[in-house]
Amino acid sequence: MKLEPLKFRPYLKPVIWGGDKICRYKKIKQPEPNIGESWEISVVPGHESIVEEGFYEGRKLTDLIEEFGEELLGKSVVKKYDNKFPLLIKIIDANDNLSVQVHPDDFLAKQRHNSLGKTEMWYIIKSDTNARIYSGLNREISPEEYEKHIADGDFESLLAVHDSNPGDVFYLPAGRIHAIGAGNLLAEIQESSDITYRIYDYNRKDAFGNTRELHTSLAKDAIDYKLYDNYKNPPVPKDIADYEIVSCSHFKTRRLLIDGNMELKTDDDSFTVLMCLKGEVEMIFDGRKQKLKEGHSALIPAALKEMSLSGRATILSTRC
């Protein structure tokens, strides 16, 4: 059997800041309260994605990678990442503010955790009135000032604050302090890493009355303390059907506006991840068709060199 587009069972993660938007958005049953994350495609140990339907239903993504290698991942990806899937794809519902946090870069993460670092990007799907994103600093500080503001309990005063509206894009290189504000439903594309250094958490307590662990010392060496002109990406043109919104050494993401038919740009160097943010499309390949519905994702194997999308939808297309 030839490889086909792979759709996976989402891992729905309950967290103290989660809500009910993800399951309503995906039109699936909510298994428990406060679902904050849907891990769409993952090889994080313990949460490896499982194929939801089709010929490979029930198979783990990691097993398929072991079996198909370059056919699934692509030649360049296998060479660069030693036959490992390098991304983690999520949908996030911030019913409350997420903690203020930072992620280590590849070098530091390798040293400390034998892991990839965590560069990521956010695409705002929906946002409530007055929703905010916190990304970067509003002034340059030193590591010593960082520690002082943490000790004084006023670290929030240093955060750069941004309005959040559907279609906004935020690129977050490792080292950038950030937080998702309440009222945001967003797509997150990141390196395959679950390493987060929590800096500040509003003194919240978990279900057992405990405040969540902070990683003040670990974060100190991971933070980029510089001040940058812009922390929010330029607006995405509404009249360009195929537009690159983020390009970095870890991934390249395009926003596709489908209205009818569009050929998907593929080759045997990399897999492609499609996230359907709005509407619905048919993926047409090898004389066959598969539907991709709003709120759902698909992994397109590198071996599928010819594919088209038909329908009306907003899609994020990501390659490595």
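Residues numbered from 1 in each chain as written. Predicted model: local features only at pLDDT ≥ 70, side-chain atom pairs only at ≥ 80, totals over all residues. Heavy atoms only, no water.

## Quick notes on the overall build of the chain
Step number 1: Across its full length, the chain carries seven helices and 17 strands.
Step number 2: Per-residue burial over the chain gives 52% buried out of 320 residues.
Step number 3: Surface summary for the chain: the accessible area is close to 14,800 Å², and the carbon and sulfur share equals 46%.
Step number 4: Here the chain carries 44 positive and 52 negative side-chain charges, and the mean point of each set is 3 Å from the other. (Helix = DSSP H or I, 4+ residues; strand = E, 2+ residues; numbered from the N terminus. Buried < 20%, exposed > 50% of the residue type's maximum accessible area, 1.4 Å probe, protein only. Areas by Shrake-Rupley, 256 points an atom, 1.4 Å probe, with all protein chains shown as cover. Lys, Arg positive; Asp, Glu negative; His and termini not counted. Charge placed at Lys NZ, Arg CZ, Asp CG, Glu CD.)

## Quick notes on the pattern of salt bridges
Where charged atoms of side chains with opposite charge meet at close range, the side chains can pair.
Step number 1: The tally for this structure, following the rule as stated, stands at 27 salt bridges.
Step number 2: K21 is paired through a salt bridge with D128; the nearest N and O atoms lie 3.1 Å apart. Of this pair, K21 sits in helix α1 (residues 21-26) while D128 sits in the loop between β5 (120-127) and β6 (132-137), and the two are 107 residues apart along the sequence.
Step number 3: Assessed through its relative accessible area of 41%, D128 is described here as partly exposed.
Step number 4: The residue K291 makes a salt bridge to E280 at a minimum N-O spacing of 3.6 Å. Of this pair, K291 sits in strand β15 (residues 288-293) while E280 sits in strand β14 (residues 272-285), and the two are eleven residues apart along the sequence. (Salt bridge = Lys/Arg side-chain N within 4 Å of Asp/Glu carboxyl O.)

## Regarding helix α2 (residues 61-68)
Step number 1: Those residues of α2 that fall on the buried side of the exposure criterion are L61, L64, I65 and F68. The buried residues of α2 all sit within an arc of 105 degrees when viewed along its axis, so they share a single face.
Step number 2: Buried positions along α2 lie against β2 (35-41), α3 (70-73) and β16 (297-300). (Arc of directions from axis to C-beta. Contact = heavy atoms within 4.5 Å.)

## So, the environment of L87
Step number 1: Take L87: it is sitting in strand β3 (residues 87-94).
Step number 2: Counting along the chain gives 232 residues from L87 to R319, while the straight-line C-alpha distance between them is 9.5 Å.
Step number 3: For L87, the residues in contact, after removing those within four places along its chain, are I41, Q190, E191, S192, H250, F251, F271, T318 and C320.

## Quick look at the packing of aromatic side chains
Step number 1: Considering all chains together, one arrives at eight aromatic pairs under this definition.
Step number 2: For the ring pair Y146 and F155, a centre distance of 5.8 Å and an interplane angle of 90 degrees mean the geometry is edge-to-face.
Step number 3: The class of Y146 is buried, set by a relative accessible area of 0%.
Step number 4: Here R176 stacks its cationic end above the ring of Y228, 5.3 Å away from the centre of that ring. (Phe/Tyr/Trp six-rings, centres within 6.5 Å; stacked < 30°, edge-to-face > 60°. Lys NZ or Arg CZ within 6 Å of the ring centre and 35° of its normal.)

## Thoughts on the sheet that holds strand β1 (residues 11-19)
Step number 1: Spatial strand order, β1-β2-β3-β10-β5-β8: six strands in an open sheet with antiparallel pairing. Lying at the two open borders of the sheet, with one neighbouring strand each, are β1 and β8 (169-172). When the angles between neighbouring strand axes are averaged without regard to direction, this sheet yields 20 degrees.
Step number 2: Sheet topology places β1 next to β2; five bridges connect them, and they run antiparallel. Pairing of G19 across the sheet is with I35, part of β2. (Pairing = 2+ DSSP bridges. Axes fitted to C-alpha atoms, helices over the stretch in contact; angles between N-to-C directions.)

## Side note on helix α6 (residues 143-152)
Step number 1: Those residues of α6 that sit buried are Y146, H149 and I150. End-on, the buried residues of α6 take up no more than an arc of 105 degrees, which puts them together on one face. Exposed residues lying more than 90 degrees from the buried face of α6 are E144, K148 and A151.
Step number 2: Residue G153 follows α6 closely and has a positive phi angle near 75 degrees.

## A closer look at unusual backbone geometry
Step number 1: With phi around 50 degrees, N114 is a residue other than glycine that occupies positive phi space.
Step number 2: If you trace the backbone, N114 turns up in the loop between α5 (106-113) and β5.
Step number 3: Its identity as a non-glycine residue notwithstanding, D286 has a phi of 45 degrees, on the positive side.
Step number 4: Secondary-structure assignment places D286 in the loop between β14 and β15.

## Topic: the environment of P86
Step number 1: Its place among the elements puts P86 in the loop between α4 (75-81) and β3.
Step number 2: Judged by its relative accessible area of 3%, P86 is buried.
Step number 3: Sequence spacing of P86 and C320 is 234 residues, and the spatial spacing of their C-alpha atoms is 8.2 Å.
Step number 4: Discounting residues that sit within four places of it in the chain, P86 has contacts with V77, Y81, L116, Q190, E191, S192, F271 and C320.

## Here we look at the nonpolar core
Step number 1: Of all hydrophobic cores here, the largest spans 43 residues; its most connected members are L61, L72, F85, M275 and L299.
Step number 2: Other than its neighbours up to four places away in sequence, L72 contacts L3, L6, L61, L64, I65, F271, L299, P301 and A302.
Step number 3: Listed in part, the 22 residues of the second largest apolar core include L108, I195, Y200 and A219. (Core = buried A, V, L, I, M, F, W, Y, C linked by side-chain atoms within 4.5 Å.)

## Let's talk about the side chain of Q290
Step number 1: Turning to its location among the elements, Q290 is positioned in strand β15.
Step number 2: On the basis of relative accessible area, Q290 is assigned to the buried category, the value being 13%.
Step number 3: In this structure the side chain of Q290 is engaged in a polar contact, spanning 3.2 Å, whose partner is the backbone oxygen of P5.
Step number 4: Those residues in contact with Q290 that sit more than four places away from it in its chain are E4, P5, K7, V281, E282, M283 and F285. (Polar contact = N/O pair within 3.5 Å; in protein donor to acceptor, adjacent residues only side chain to side chain.)

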